[in-house]
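This is what each chain is made of:
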Amino acid sequence: MKKRMRTGSVLLIAIILLFSLAAAPVFGAEDTAKGEQQQVLTVAFPETKGLQEVYKDGTYGGLIYDWLMEIAKYTGWKYKFVTGDVEELLTGMAEGKYDLMGGMLYQKEYEQYFAYPQYAVGSNYCLLGSRKDDSSIKSFDVTTLNGKTIGVYKKAVGKIERLKVFLKANQLTCKIKEYEDVKAYEKCLDNKETDLILTSDATLKDTYNVCARFTAESYYIVTKASDTKSCEQMNQAIEKIYEANPNMAEELYDKYFPNAYSNSIDLSKEDKDYIKKSAPIRVAVLKDGYPLTYIQHGELKGIVPEVYELIRGLTGLKFEYVYASSYADAMELMRSGKADIVGSYLSDSYQANGQKLVLTKQYAQLNTVIIRNKRAELSGGDLTVAVPKEMSAPNDGNHKKIAYYETFKKCLDAVDAGDADYMEIPSALLESLFTSHYYANVTPSAVGDQQMPVSIAMSDKPDVELYSILSKAVNSLDERKVESIRQQNLISSQISQPDLKTMLYSHIGAVVAFLIGFVILLIIVFLTIGRLRLKSREMELKLEKAEETAQAKSDFLSRMSHEIRTPMNAIIGLTSLSKRIDNAPDSINENLEKIDTSAKFLLSLVNDILDMSKLQSNKMTIESEPFSLKQLLVQIEDIFSLQAKEKDLQLDFSYSLTEDGFIGDKTRLAQVMVNLLSNACKFTPKGGRIGCSAEEKKRDNDRALIEFRVKDTGIGIPEEDIERIFGSFEQLSQNDGSVQGTGLGLAISSNLVQLMGSRLEVKSRLGEGSEFFFTLELPLSAEGAKAYERPDNVNKEKQLSGMNILLAEDNDLNAEIAISLLELEGAEVFRAADGQKTVEMFSTSKEGFYQAVLMDVQMPILNGLEAASRIRGLDRNDAQEVGIIAMTANSFKEDREKALAAGMNGFIAKPFEAEDLIVNLLAYKKVFI
């Protein structure tokens, strides 16, 4: 019996064998309606496209599944679905293992195995399919089937009979090739053993064209033969379903199977040549035409670009989009030649004919709805309808007047304002507009819910070849893909953000509560403001007092600096002059050296106090200028070489640099290094060792990382003092007073390193020595990388010989010192006691007579800044070239900047070193000589 069943089974269910034969595992039960204890039926469910489908998420679908769900509403059944191979499931059904099985064709001799209900659940269609690459067969010309070979499954007797009827009715002579093996039958067309294959919607491959379609047998849902009770229950349920909806079978078939087929496009040689040579087709589209076209994340999205991508895949045509602001603007772009076609034409052929346009077949439809003003009734026939320009008004007999507007939104605004009574609008666009804007006076009407066609439009004098290609492409579009695109763009809708008006009306309760709260808040704010104003005024007075105090402090420090530096200049200057006297007794020279040392120490105290004041008031700034790091280190080494020799200290300098030029604050870096080396010399006993190094740790294209270290073998720092040595006025606890200092050096150095973007750190052990180190990231500079040679320490006599120098100095003693120093070096000096006299002496002198001007800043009648500015403004050649060097006791940065702004070339702070003055003047010695 099993052998007979297996042999004849496919004759009973030919439709299933022609459907997909895929295997799958067993799935769990499917719940139905809630209620009492329900009967659970096992359903043999061979996975078959369109009929019985199993989805990736484990859910079920298909025509048979939908029928079962509908039947369960009348029977209360629950189901357990078993999927697998169709023949195995069929055999199991015949043996009584399963309760139900769908998609069964009727054969009387098999009623011994299955119980058939009275009513079928649908009918399938027979299809003749051909290969898409077979251009000899035309789906629109049945005569091209003549003489072709058709592959059929031998046991599908009913289908073969209907095929023969079809061939006879169309007077076709074809060879029918029968296959006993289902696998061989399924591959016959792919293997080119036949020209055509007799198939169905469920088994139609994407690589096949449909050449013909005709009806076949009805199919049923059956029970096992012994279960007549369930069969009768099902029969009654199907009867009630048809009574409620006579079109149930047709609707489900249309749901799962296409009404039209996606055949390959038939492009002629002329079409292919045109496509090959064609430039991109310019398509006029609305930039804001949801759901057809819209911009999302900077890209064009919507139904239109996705459908045109399908057309590109079918034809090879390329498209580029020209954006329009409105529907009428899109039409104008095409008429003016700026676009070749309108991407989405929304009216019918009658409207297009009046606009001198030709249309392709519509490729999509949009559901529309009628929107009316709440005060308008759609029954009078004397209404005004709002219509976008270039579109047709609805043919509903309700309007007497048509009001045209640029866009659908403006039409809706007009209906809301009462300027028009109603309009027709795509429902998806309406949803978007309702979300983003508030319309208080409009309401959807029960009248309408029409379909708006979407077509491609061209001029009525079109490019015929292009029109032919586009028409073929539109007619070859897969309707399922187009519908999927339409649904996807409606689901993932580009809903705009609501405007303020919409948000207010949507949350009116919250708005009222907010306003009440806002008023209360205003009252509290006004009361608080009054109190805060009193406190604010009090704080302003304190701030003004603090600013006055700070300004007074700054003024005091500036005056103190000037007043201390002026006599200091005399002391250091006279000492320098005295040291230059030949044959002076050793005791005198020793005293002069002590005076010079003490004076310079006093000057360093003044400088430290001024620097600390700037740091505390955040007025210290770091410069960025090119400099040579090697030159800086050599100069520092020269400064400390003599001091180290006198204390019998070994001083080692080392530097490992790839290149030498950097950008930074040379002065402040030198100040830090000098402070660290000065401390090392102070606290390292005789015979000790001091090391100073600069090592390049890392370098990229334009920056270098330089590590600076100063290490000594001195007395070291107690562990309890390490945390506080960087504080102001801090000194080591073991300092017995023999070492002079303010305790500001390390505090200043630490702050300067921090301003330069690093941190000054220390390692020290008591009795073994200390090591201070920091790392700076410095930009590279080719300008700063200059070869440096150690200066010749042999004093050259009369270095300024032949120079005429104009000295502007109101202080007689300072003038006397400067003149003496300069004359000792061979210069001839001419003094002016004020700024006005300085300008007069320079302007009346012979051009090029003075090689340099030494300019005090604070002078009577005319200060040095004004005097320098006037000299630079004189109409003579040397006025711009003569060197003007400021010599002033005002040593702040702003004083330097003012001097340079006035036209001065250099700046020397009083008290000055004679060598510094000579070096500055030598730069101008050869200018006029």
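Since the model is a prediction, treat every value here as computed from it, not as a measurement.

Conventions used here
Residues numbered from 1 in each chain as written. Predicted model: local features only at pLDDT ≥ 70, side-chain atom pairs only at ≥ 80, totals over all residues. Heavy atoms only, no water. Helix = DSSP H or I, 4+ residues; strand = E, 2+ residues; numbered from the N terminus. Buried < 20%, exposed > 50% of the residue type's maximum accessible area, 1.4 Å probe, protein only. Contact = heavy atoms within 4.5 Å. Areas by Shrake-Rupley, 256 points an atom, 1.4 Å probe, with all protein chains shown as cover. Core = buried A, V, L, I, M, F, W, Y, C linked by side-chain atoms within 4.5 Å. Pairing = 2+ DSSP bridges. Patch = residues over 30% accessible without salt bridge, like charges linked within 9 Å, V, L, I, M, F, W, Y side chains within 5 Å. Salt bridge = Lys/Arg side-chain N within 4 Å of Asp/Glu carboxyl O. Axes fitted to C-alpha atoms, helices over the stretch in contact; angles between N-to-C directions. Phe/Tyr/Trp six-rings, centres within 6.5 Å; stacked < 30°, edge-to-face > 60°. Lys NZ or Arg CZ within 6 Å of the ring centre and 35° of its normal. Polar contact = N/O pair within 3.5 Å; in protein donor to acceptor, adjacent residues only side chain to side chain. UniProt positions renumbered as here; feature names shortened; annotations may be inferred. Parallel < 35°, antiparallel > 145°, perpendicular 65-115°, else oblique. Nonpolar A, V, L, I, M, F, W, Y, C, P; charged D, E, K, R; others polar.

**Some thoughts on the overall build of the protein**
Scanning the protein for helices and strands turns up 29 helices and 37 strands. The proportion of buried residues among the 929 residues of the protein is 47%. Long-range pairs, those at least 24 residues apart, make up 74% of the contacts in the protein with a sequence separation of at least 6. Total accessible area on the protein stands at roughly 47800 Å², and carbon and sulfur atoms take up 50% of it.

**Some details on the nonpolar core**
Ile311, Tyr363, Met423, Ile425 and Leu470 are the most contacted members of the largest nonpolar core, which has 65 residues in total. Other than its neighbours up to four places away in sequence, Ile425 contacts Asn367, Thr368, Val369, Ile371, Phe408, Leu430 and Leu433. Core analysis: the next-biggest nonpolar cluster, separate from the first, contains 42 residues, Leu632, Leu676, Ala704 and Ile722 among them.

**With respect to the pairing of strand S11 (residues 196-199)**
Burial along S11 is two-sided: the face carrying Leu196 and Leu198 and the face carrying Ile197 and Thr199 are both buried. Sheet topology places strand S8 (residues 122-131) next to S11; three bridges connect them, and they run antiparallel. In the strand pairing of S11, Leu127 is matched with Thr199. As defined by bridge partners, strand S9 (residues 149-153) adjoins S11 across two bridges and the pair is classed as parallel. Along S11, the bridge assignment pairs Ile150 with Leu196.

**Some remarks on the pairing of strand S29 (residues 689-699)**
Of the strand pairs in this sheet, strand S27 (residues 650-656) and S29 are connected by seven bridges, and their pairing is parallel. Bridge pairing in S29 links Asp652 to Gly691. As consecutive antiparallel partners, S29 and strand S30 (residues 703-712) are separated by three residues.

**Thoughts on a nonpolar patch on the surface**
A contiguous nonpolar patch, built from Phe514, Leu515, Phe518, Leu521, Leu522, Val525, Phe526 and Ile529 and spanning about 730 Å² of accessible area, is present on the exposed surface. By the secondary structure assignment, Val525 is in helix H18 (residues 508-579). On the basis of relative accessibility, which here comes to 31%, the residue Val525 falls in the partly exposed class.

**With respect to the sheet that holds S27**
Taken together, the five strands give an open sheet; going across it, the order is S27-S29-S30-S32-S31, and neighbouring strands pair in mixed fashion. Edge positions in the sheet fall to S27 and strand S31 (761-765), since each of these pairs with one other strand and no more. Sheet twist, expressed as the average angle between the axes of neighbouring strands with direction ignored, equals 15°.

**Describing the packing of aromatic side chains**
Inspection of every chain in the model, using the stated rule, returns 28 aromatic pairs. A centroid spacing of 4.9 Å and a plane angle of 80° characterise the contact between Phe849 and Tyr850, whose relative ring orientation is edge-to-face. By relative accessible area, which is 28% here, Phe849 ends up partly exposed. A relative accessible area of 4% places Tyr850 in the buried class. Counting every residue linked through ring pairs, the aromatic cluster contains Phe45, Tyr60, Tyr65, Tyr79 and Phe81. The residue whose ring lies beneath Lys287 is Tyr323, and the NZ or CZ to ring-centre distance is 5.5 Å.

**Here's the deal with the pattern of salt bridges**
Overall, the coordinates contain 31 salt bridges when judged by the stated rule. Between Lys389 and Glu406 there is a salt bridge whose closest N-O contact spans 2.8 Å. Of this pair, Lys389 sits in the loop between strand S21 (383-388) and strand S22 (399-405) while Glu406 sits in the loop between S22 and helix H13 (408-417), and the two are 17 residues apart along the sequence. A residue is classified by how much of its surface remains accessible, and Lys389, at 34% relative accessible area, is partly exposed. Across the pair Glu540 and Arg537 runs a salt bridge whose closest N-O atoms are separated by 3.1 Å. Taken together, the positions of Glu540 and Arg537, both in helix H18 and three residues apart, correspond to about one turn of that helix. Residue classification places Glu540 among the partly exposed residues on the basis of a relative accessible area of 37%. Through salt bridges that share partners, Glu695, Lys697, Glu707, Arg709 and Glu771 make up one connected network.

**What about the side chain of Thr144?**
With respect to the secondary-structure elements, Thr144 resides in the loop between S8 and S9. Note on Thr144: relative accessible area 16%, which makes it buried. Reaching out from Thr144, the side chain makes a polar contact with the backbone oxygen of Asp141 at a distance of 2.6 Å. Not counting residues within four places of it along the chain, the set of residues in contact with Thr144 comprises Ser136, Ile137 and Lys138.

**Focus: the UniProt feature "modified residue: 4-aspartylphosphate" (unreviewed entry) in the protein**
Feature annotation in UniProt places "modified residue: 4-aspartylphosphate" (unreviewed entry) on Asp856, given in this structure's numbering. With respect to the secondary-structure elements, Asp856 resides in the loop between strand S35 (852-855) and helix H26 (864-872). Asp856 sits in the buried class, given a relative accessible area of 5%. Apart from the residues lying within four places of it in its own chain, the contact partners of Asp856 are Ala808, Glu809, Asp810, Gly864, Met887, Thr888 and Lys910.

**A short note on the packing of helix H3 (residues 63-75) against helix H7 (residues 228-244)**
Packing of H3 against H7 leaves a shortest axis separation of 9 Å and a crossing angle of 105°. By the angle class used here, H3 and H7 are roughly perpendicular. Between H3 and H7, the contacting residues are Trp67, Glu70, Ile71, Tyr74 and Thr75 on the first element and Gln233, Met234, Ala237, Ile238, Lys240, Ile241 and Tyr242 on the second. When the residues that make up the contact of H3 with H7 are grouped by side-chain class, the tally is eight nonpolar, two polar and two charged.

**Notes on the sheet that holds strand S34 (residues 828-832)**
Strand order in this open sheet of five strands is S34-S33-S35-S36-S37, and the pairing throughout is parallel. Looking at strand neighbours, the two that pair on one side only are S34 and strand S37 (906-909), the edges of this open sheet. When the angles between neighbouring strand axes are averaged without regard to direction, this sheet yields 20°. By the bridge criterion, four bridges tie strand S33 (residues 804-808) to S35 in an arrangement that is parallel. Opposite Ala808, over in S35, you have Met855 as the bridge partner. The sheet contacts of H26 involve S35 and strand S36 (883-888), and relative to S35 the element is tilted by about 160°.

**Remarks on unusual backbone geometry**
Going from Tyr290 to Pro291, the amide bond is cis rather than trans, its omega being 5°. Mapped onto the fold, Pro291 is located in the loop between strand S14 (288-289) and strand S15 (293-296). Of note, Lys192 is a non-glycine position whose phi angle comes to about 60°, a positive value. One can find Lys192 in the loop between helix H6 (182-187) and S11. A positive phi angle, close to 75°, is found at Glu390, a residue other than glycine. Positionally, Glu390 belongs in the loop between S21 and S22.

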